[in-house]
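Breakdown of the fold
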Amino acid sequence: MSHNDNTLNFEEINKQFIHWFCSNGGTISPKISFKDYSSENAGRGVVSVDDIEPFEVLFNIPHSIVLSEKTSSLKDLISSSEFEMLSKINSWFPLILCMMYESQKENSLWKPYFDILPREFDTPMFWNEDDLSELEGTGVIDKIGKADAEKQFNDHFLPIIQSNSSIFDSNIHNLELFHCMGSLVMANAFQDKIRNKNIEENQDKNEEDEEDEENEDEEDEKEEITMMPMADMLNHKTGFNNARLFRDKGLLEMAAIKKIKKGEQIYNTYGELCSADLLRKYGFVDENNMYDIVELNGQFVVDTLSIDEDTKNKKIEMLLEEDILDDIFVLDTTCEIPPELIITAKVMRMDKAQFKKLQKSEKFPEPKMNLDIKQSLIQLFEKRLAMYKTSIKVKG
Ligand SMILES: C[S@@+](CC[C@H](N)C(=O)[O-])C[C@H]1O[C@@H](n2cnc3c(N)ncnc32)[C@H](O)[C@@H]1O
């Protein structure tokens, strides 16, 4: 990613941003600082300049500088029906329109914030055909949605831009700016990720409790999509999350969730994301990602495993009815074969007589491996592997 720093250098942009942040009521711990991680292709990040204890506050964000459709001055300039229409199509669209407006407004409250945000991105949305072909087999290409984004801009944003010519200029508020602000929202926006720090601090809980509390918090919070200056300066590294955004007595605060030694990078978490989602939304992948997955298309699975054309469709019908066969089977890093995949393999590899028996009894086979299923699944995985254009070995 590259930043909008043709006139100002890294340090100067940081200084102006911090000045803006603090003069608007934000506070920043003297134990943290910005650091240029561009040599690691990670842009700007936050580093500890002193040892930090768990739950120490790293910074507070005043609500007044959180950018959303509620705080942007655009809400007073265009009709609420235009916002509502955008919101119905996609809940992220009103914020994207606000950002298109605020980023180009001469005296916007958020000017120093936009100055520190990147303007170029490494996400596949901006890759050329040659580079995209490297993603063959990953399933990412189908999810980029560049053509769809362009259609959404032309169908829904352009009419608002053109009918509000005193606010927007279609030469400036154009498709390129839409892609840029859309990418920023995708990579930087916060969506209902805030939790109550007191709950976390006061108990020694197991994973199950944690999930329950998350659900309770989600019920309390109204889902809102916002840009949080400073909170989005933190990078992510799967398995290394050491800070988190909390709402504490009405304050938004980023706090350490474990001990952070001087010199360590401070990481927020963007979620438990597989490589495909990290790449699509953020433009990077982590080498060791415990949340990585491989998707096996359901149609590909049944086509590969089927041994009898006459009964194939009936088998598929039965498997779908029982929710055993799905659009996608997911293999994760536990390396456990999903039971549904084993049952699907067993059914697809039944001969006519065996399938007749199944139809009569309606009793599906147990998801237990046998030699035949093992061999056919190995063949299936080899075929799936062959769909990738490159391998880790080839790339060295
Ligand atoms: C919320 S922003 C974090 C701040 C960002 N580094 C910056 O310079 O503004 C998210 C973006 O940071 C970059 N990023 C975050 N973690 C990264 C990592 N581990 N490796 C490479 N890039 C990373 C990606 O470009 C991602 O889209």
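Residues numbered from 1 in each chain as written. Predicted model: local features only at pLDDT ≥ 70, side-chain atom pairs only at ≥ 80, totals over all residues. Heavy atoms only, no water.

Overview of the side chain of Ser68
For clarity, the threshold we go by: Starting at the N terminus, helices and strands are each numbered in turn, a helix being any DSSP run of H or I of at least four residues and a strand any DSSP run of E of at least two. With a 1.4 Å probe rolled over the protein chains alone, any residue whose accessible area is under 20% of its type maximum counts as buried; one over 50% counts as exposed, and the rest are partly exposed.
Mapped onto the secondary structure, Ser68 falls in the loop between β5 (57–61) and α2 (80–89). By relative accessible area, Ser68 is classed as buried at 3%.

Notes on the nonpolar core
Quick note on the threshold: Think of a nonpolar core as a cluster: buried Ala, Val, Leu, Ile, Met, Phe, Trp, Tyr and Cys residues, connected wherever their side-chain atoms sit within 4.5 Å. What makes two residues a contact is simply this: any of their non-hydrogen atoms within 4.5 Å.
Grouped together as the largest cluster of nonpolar side chains are 71 residues, with contacts concentrated most on Ile61 and Phe157. For this core, the element with the most residues is helix α3 (residues 93–104), which contributes eight residues. Discounting residues that sit within four places of it in the chain, Ile61 has contacts with Phe21, Val66, Met228, Pro229, Ala231, Leu245 and Leu252. By size, the runner-up hydrophobic cluster in this structure holds 25 residues, among which are Leu319, Ile342, Phe364 and Ile373.

Details of the packing of helix α12 (residues 309–321) against helix α14 (residues 352–361)
Which entries qualify depends on this criterion: Helix axes are fitted only over the stretch in contact, all axes being lines through C-alpha atoms; the angle between N-to-C directions runs from 0 to 180 degrees. Angle categories: roughly parallel below 35 degrees, roughly antiparallel above 145, roughly perpendicular from 65 to 115, and oblique for all the rest. Less than a right angle of anticlockwise turn of the near helix away from the far helix marks a crossing as left-handed, whereas a clockwise turn marks it as right-handed.
Where α12 contacts α14, the two axes come as close as 11 Å, and the packing angle between them is 30°. As the angle between them shows, α12 and α14 are arranged roughly parallel. The crossing of α12 and α14 is left-handed. Here Asp310, Thr311, Lys314, Lys315 and Met318 of α12 come into contact with α14, specifically with Lys352, Phe355, Leu358 and Gln359.

Some remarks on the sheet that holds strand β3 (residues 32–36)
To keep it simple, the criterion reads: Here, a strand pair is defined by DSSP locating no fewer than two bridges between the strands.
If you walk across this open sheet you meet the three strands as β3-β4-β12, and the pairing is antiparallel. The open sheet has two edge strands, β3 and β12 (265–266), and neither has a second partner. The pairing of strand β4 (residues 44–48) with β12 spans two bridges and is antiparallel. What sits directly across from Val46, in β12, is Ile266. Packed onto the sheet, helix α1 (residues 10–23) meets β3 and β4 and runs at close to 145° relative to β3.

Overview of the pattern of salt bridges
Selection rule: Take a side-chain nitrogen of Lys or Arg and a carboxyl oxygen of Asp or Glu: if they are within 4 Å of each other, that pair is a salt bridge.
Scanning all chains against the criterion turns up 14 salt bridges. Lys75 serves as the salt-bridge partner of Asp76, at 3.8 Å between the closest nitrogen and oxygen. Lys75 sits in the partly exposed class, given a relative accessible area of 37%. We note a salt bridge from Asp155 to Lys151, for which the minimum N-O separation is 2.5 Å. With a gap of four residues between them, Asp155 and Lys151 both fall in helix α6 (residues 146–163), about one helical turn apart. When its relative accessible area of 49% is taken as the criterion, Lys151 is described as partly exposed.

So, α1
Just so we agree on the cut-off: To estimate how far a helix should reach, multiply one less than its number of residues by 1.5 Å. As used here, the arc belongs to the directions running from the helix axis to the C-beta atoms.
With 14 residues, α1 should reach 20 Å at 1.5 Å per residue; the first-to-last C-alpha distance of 20 Å fits that figure. By the burial criterion, the buried members of α1 are Phe10, Ile13, Asn14, Phe17, Trp20 and Phe21. Projected onto a plane normal to the axis of α1, the buried residues spread over an arc of 135° and lie on a single side. Exposed residues pointing more than 90 degrees away from the buried face of α1 are listed as Glu11, Lys15, His19 and Ser23.

Examining the domain arrangement of the protein chain
It is common to report an interface's size as the accessible area lost on association of the parts. Where we set the bar: For every domain, the bounds stem from an assignment made automatically or drawn from a database.
We note that the domain assignment places domain 1 (10–195 + 221–282) and domain 2 (294–386) within the protein chain. Between the C-alpha centres of domain 1 and domain 2 the distance comes to 42 Å.

Quick look at a negative patch on the surface
Basically, it comes down to this: Put simply, a patch holds well-exposed residues, over 30% relative accessible area, that have no salt bridge, with like charges counted together within 9 Å and Val, Leu, Ile, Met, Phe, Trp or Tyr side chains within 5 Å. Only the protein chains shown count as cover for residues, and the accessible areas themselves come from Shrake-Rupley with a 1.4 Å probe. Neither His nor the chain ends contribute to the count of charged residues, in which Lys and Arg are positive and Asp and Glu negative. To locate a charge, take atom NZ for lysine, CZ for arginine, CG for aspartate or CD for glutamate.
The grouping of Glu321, Glu322, Asp323, Asp326, Asp327, Glu340 and Glu362 at the surface amounts to a negative patch. Taking the relative accessible area as the measure of exposure, Glu362 reaches 59% and is therefore exposed.

Regarding the environment of Ile167
Inspection of the secondary structure assignment puts Ile167 in the loop between α6 and α7 (175–188). Sequence separation of Ile167 and Ser68 is 99 residues, and the distance between their C-alpha atoms is 18 Å. The residues contacting Ile167, other than those within four sequence positions of it, are Leu74, Leu77, Ile78, Tyr101 and His173.

Describing unusual backbone geometry
One non-glycine residue, Phe55, lies in positive phi territory at about 70°. Note on placement: Phe55 falls in the loop between β4 and β5. The class of Phe55 is partly exposed, set by a relative accessible area of 21%. Here Glu362, not a glycine, exhibits a phi torsion of approximately 55°, which is positive. On the secondary structure map, Glu362 appears in the loop between α14 and α15 (371–385).

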